[in-house]
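So you can see what is in the structure, the chains are spelled out below.
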Amino acid sequence: MIETTFLLTDVDLMTFYGMNNIHLQLFKSFYPKLRIVARDNVVKIMGDEEEIAKATEHLECIRKHIEKYNTLSDEDIVNIINGEKTKAEAIKGVLLYNMSGRPIKSRSANQQRLIDAYDRNDMIFAVGPAGTGKTYLSIALAVRALKEKQAKKIILSRPAVEAGEKLGFLPGDMKDKIDPYLQPLYDALEDMLPTAKLQEMMEKHIIQIAPLAFMRGRTLSDAVVILDEAQNTTPAQIKMFLTRMGWNTKMIITGDMTQVDLPRPNASGLKEAMRVLNGIEGIEFVELDKSDVVRHKLVTRIVNAYDKYEESLKQRELFKEQDI
């Protein structure tokens, strides 16, 4: 009789063991000749060497399944041990799975265009109204690249511009003051990575989140770099950001030209960059519209209502000019 130890890394232990250890008990039932004892992230296996080798191989397959899909069912365990495909593996076009096990994939033609543009180019501009999945899909592409070792780090940035509210009075140090601007980025990451793993990656600077002002002077290599809310950059800021690009790096710039919070909306750096960089090889522009909205159905109605309202204002201004 021999003994070996298997370490559960990069997975949620509750998902692995199941409620009241139901997954572990099912796994044990396939190996009645082995003694299997688990505590925290350590699984000890005692018994015949050949049986231990098979059990260890299946444990690693289950661990990889959880790492990729963030979910595990009794059916998954049975399929893995029997060498069959799980339900998750049968779904095509998935970037990755969120922490609830839901597949993250394109949900519209323009969202698929964004994914295809990322695969073809090193710099992508994704522009469209609120709720079209620009930021979420971009971060999913970055997390996938990190998991597949296509990039060594993820760098996420936003301009620190208030949407009509002043946040300077907030207590705390610099991090406390800038976190409100970056919260949407944290939200997306927390939906895609286990909390402990995300914390570890941020502590090791594998995932970096910083306001745009912190980008000056850096060269960003071996990374997926995302600039969110780019409509709130000045021309000088976005030029500074785009020229930070280093070797083996992809950049995704997202924005919504209908939500410019700058004192002078017409001075948006994103607007200028789209005009200046149009037609340059290696850069692709993807425009999303209200048909791509994936939030609550009311978001689409709200976008439509504002579009009609803004169009009516333009018509009034046109009539005024003609009267003059």
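Because the structure is a prediction, the values reported are computed rather than measured.

Chemist: Just to check I follow, could you spell out helix α4 (residues 74-81) for this structure?
Modeler: An α-helical segment advances 3.6 residues per turn. Residues three or four places apart therefore align on the same side. Along α4, the residues classified as buried are Asp76, Ile77, Asn79, Ile80 and Ile81. Positive backbone phi, approximately 75°, marks Gly83, located one or two places after α4.

Chemist: Would you mind going over the environment of Tyr69 with me for this structure?
Modeler: By the element assignment, Tyr69 lies in helix α3 (residues 49-69). Residue Tyr69 is classed as buried on the basis of its relative accessible area of 6%. Note: C-alpha distance between Tyr69 and Asn98 (29 residues apart in sequence) is 7.3 Å. Other than its neighbours up to four places away in sequence, Tyr69 contacts Ala88, Glu89, Tyr97, Asn98 and Gly101.

Chemist: Just to check I follow, could you spell out the pattern of salt bridges for this structure?
Modeler: A side chain of one charge can pair with a side chain of the opposite charge when the charged atoms of the two come close. The tally for this structure, following the rule as stated, stands at nine salt bridges. Arg158 is the partner of Asp228 in a salt bridge, and the nearest nitrogen-oxygen pair spans 2.8 Å. With Asp228 in the loop between β9 (223-227) and α10 (235-242) and Arg158 in strand β7 (residues 153-158), this pair connects stretches of sequence that are 70 residues apart. Among the residues examined, Arg158 registers a relative accessible area of 12% and is labelled buried. Between Arg158 and Glu229 there is a salt bridge, with its nearest N and O atoms 3.1 Å apart. Here Glu229 lies in the loop between β9 and α10 and Arg158 lies in strand β7, a separation of 71 residues in the sequence. Here Glu229 falls in the partly exposed class, since its relative accessible area comes to 22%. Three or more residues are tied together by salt bridges with common partners; here these are Glu60, Arg63 and Glu67.

Chemist: Looking at this structure, I do not really get the sheet that holds β7. What am I missing?
Modeler: For sheets, the rule is that strands pair by backbone hydrogen bonds, running either parallel or antiparallel. Overall, parallel pairing links the six strands, which are arranged β8-β7-β9-β10-β6-β11 in an open sheet. Each having just a single partner strand, β8 (207-211) and β11 (283-287) make up the two edges of the open sheet. Pairwise comparison of adjacent strand axes, ignoring direction, gives a mean angle of 15° for this sheet. Pairing of strand β6 (residues 123-127) with strand β10 (residues 250-255), which is carried by five bridges, proceeds in the parallel orientation. Bridged to Met123 within β10 is Met251. Strand contacts of helix α11 (residues 269-276): β6, β10 and β11, with the helix running at about 125° to β6, the strand carrying the most contacts.

Conventions adopted
Residues numbered from 1 in each chain as written. Predicted model: local features only at pLDDT ≥ 70, side-chain atom pairs only at ≥ 80, totals over all residues. Heavy atoms only, no water. Buried < 20%, exposed > 50% of the residue type's maximum accessible area, 1.4 Å probe, protein only. Helix = DSSP H or I, 4+ residues; strand = E, 2+ residues; numbered from the N terminus. Contact = heavy atoms within 4.5 Å. Salt bridge = Lys/Arg side-chain N within 4 Å of Asp/Glu carboxyl O. Pairing = 2+ DSSP bridges. Axes fitted to C-alpha atoms, helices over the stretch in contact; angles between N-to-C directions.

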